[in-house]
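# Remarks on the overall topology
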Amino acid sequence: MSLQIWINGKLVPKEDATISVYDHGLLYGDGVFEGLRVYNGKVFRLEDHLERLWDSAQAIWLEIPMDVPELVNAVNETVRANGIQDGYVRLVVTRGAGTLGLDPNKCSNPQVIIIADHITLYPDHFYQNGLEIVTVSTTRNHPAALNPRIKSLNYLNNILAKIEGMQAGCVEALMLNHKGEVAECTGDNIFLVHNQQILTPPIDAGILEGITRQVVIELAAKLKLPVREIPLTRHDVYIADECFLTGSAAEIIPVVKVDSRTIGSGKPGPVTGDLTTLFRTATRT
Ligand code: PMP
């Protein structure tokens, strides 16, 4: 059976799930989105994702034409209709169809789209052995230009960085902010472990406030490890005992090499391992 996509208030087969070519989501990347995980048929941290979606929408003057309980129901219905037990949900709100000009006031009918599908994960060996990443020259968007806290449909900043990373043979890339500090990766937040402390850039370094990042901060408290949200430089990365990335799709993934430098022992570290175990328990039981 064809995938059922939720669009415009109802579920339709994938082939019939279409939007206008005048939609400013397409013409200008004018819209917001979320990427969520489904574990055991249940959407993980749905409320947190919806809160971030509404915050993103508010920041771009976009009114989501539904309320939170309606969207909760729509997401759950879409997951159920597609029989997704373990998978991924993409939730998109576009500005809607307008004219060819930029003016968002000419757009009517924001489109709410929900796709529930299976997920393509990083290959297992990356989780076993760790990733190698590189710092790229594409600077993370300046928060005063397009705040990375807004999960907007305009992901070109991240895509350009991803291309640079891939050209260097890496599946993820580290982006610095306009001050040259460590910001985040193209689709993941970054953490370091140094002297039994967990370090991660603060939100005002110009990053997305990741849901998985928040979960890891909560899990670190269970391990009685202090988490410091402080500005970090590449030097901090190079001297770290451990490094790992977090994201809804990647979950927790160890990093063992950055810019050709070996991080810590060159193998996924014990803190990363303990957090991963706790994360698996939190999501899969
Ligand atoms: N940073 C960026 C730029 C991202 O796109 C994502 C993935 N949505 C993340 C961080 C991780 O966020 P989350 O844990 O909410 O998936």
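We now turn to the structure provided with this report. Owing to the predicted nature of the structure, the values given are computational and were not obtained by experimental measurement.

### Details of the nonpolar core
The biggest cluster of nonpolar side chains holds 26 residues, and the ones touching the most others in it are L71 and L91. Counting residues per element, the ones that place at least two in this core are β3 (31-39), α2 (46-59), α3 (68-81), β5 (87-94) and β6 (112-117). Element by element, the count of residues in this core is highest for α3, at 5 residues. Leave out the neighbours within four places in its chain, and L91 touches V32, F33, E34, L36, L50, L53, L71, V75, V112, I113 and I114. One finds I190, L232, V237 and A250 within the second-largest nonpolar core, a separate group that totals 22 residues.

### Description of the packing of α2 against α3
Two elements in contact, α2 and α3, have axes separated by 11 Å at closest approach and are oriented at 125°. Taken together, the axes of α2 and α3 are oblique relative to one another. In this structure, α2 meets α3 at a crossing whose hand is right-handed. In contact with L46, L50, L53 and W54 of α2, α3 contributes V68, L71, V72, V75 and N76. Of the residues that constitute the contact of α2 with α3, the class distribution is 8 nonpolar, 1 polar and no charged.

### Describing the sheet that holds β3
The sheet built from 6 strands is open, its strands ordered β2-β1-β6-β5-β3-β4 with antiparallel pairing. This sheet does not close on itself; its edge strands, each paired only once, are β2 (10-13) and β4 (42-43). Pairing between strand β1 (residues 4-7) and β2: 4 bridges, direction antiparallel. Paired with W6 across the two strands is L11, which belongs to β2.

### Description of the pattern of salt bridges
Tallied over the entire structure, the rule returns 11 salt bridges. For the salt bridge of R45 with E218, the shortest nitrogen-to-oxygen distance reads 2.9 Å. With R45 in the loop between β4 and α2 and E218 in helix α6 (residues 211-222), this pair connects stretches of sequence that are 173 residues apart. A relative accessible area of 24% means that R45 is categorised as partly exposed. Residue E218 is classed as partly exposed on the basis of its relative accessible area of 33%. The salt bridge involving E209 is made with R149; its shortest N-O contact spans 3.1 Å. Highlighted residues: E209 in the loop between β11 (197-200) and α6 and R149 in the loop between β7 (131-135) and α5 (156-167), separated in sequence by 60 residues. A relative accessible area of 34% means that E209 is categorised as partly exposed.

So, how was this worked out
Residues numbered from 1 in each chain as written. Predicted model: local features only at pLDDT ≥ 70, side-chain atom pairs only at ≥ 80, totals over all residues. Heavy atoms only, no water. Core = buried A, V, L, I, M, F, W, Y, C linked by side-chain atoms within 4.5 Å. Buried < 20%, exposed > 50% of the residue type's maximum accessible area, 1.4 Å probe, protein only. Helix = DSSP H or I, 4+ residues; strand = E, 2+ residues; numbered from the N terminus. Contact = heavy atoms within 4.5 Å. Axes fitted to C-alpha atoms, helices over the stretch in contact; angles between N-to-C directions. Parallel < 35°, antiparallel > 145°, perpendicular 65-115°, else oblique. Left-handed = near helix turned anticlockwise from the far one by under 90°. Nonpolar A, V, L, I, M, F, W, Y, C, P; charged D, E, K, R; others polar. Pairing = 2+ DSSP bridges. Salt bridge = Lys/Arg side-chain N within 4 Å of Asp/Glu carboxyl O.

Everything listed here is a matter of coordinates, which is why it stays silent on function.
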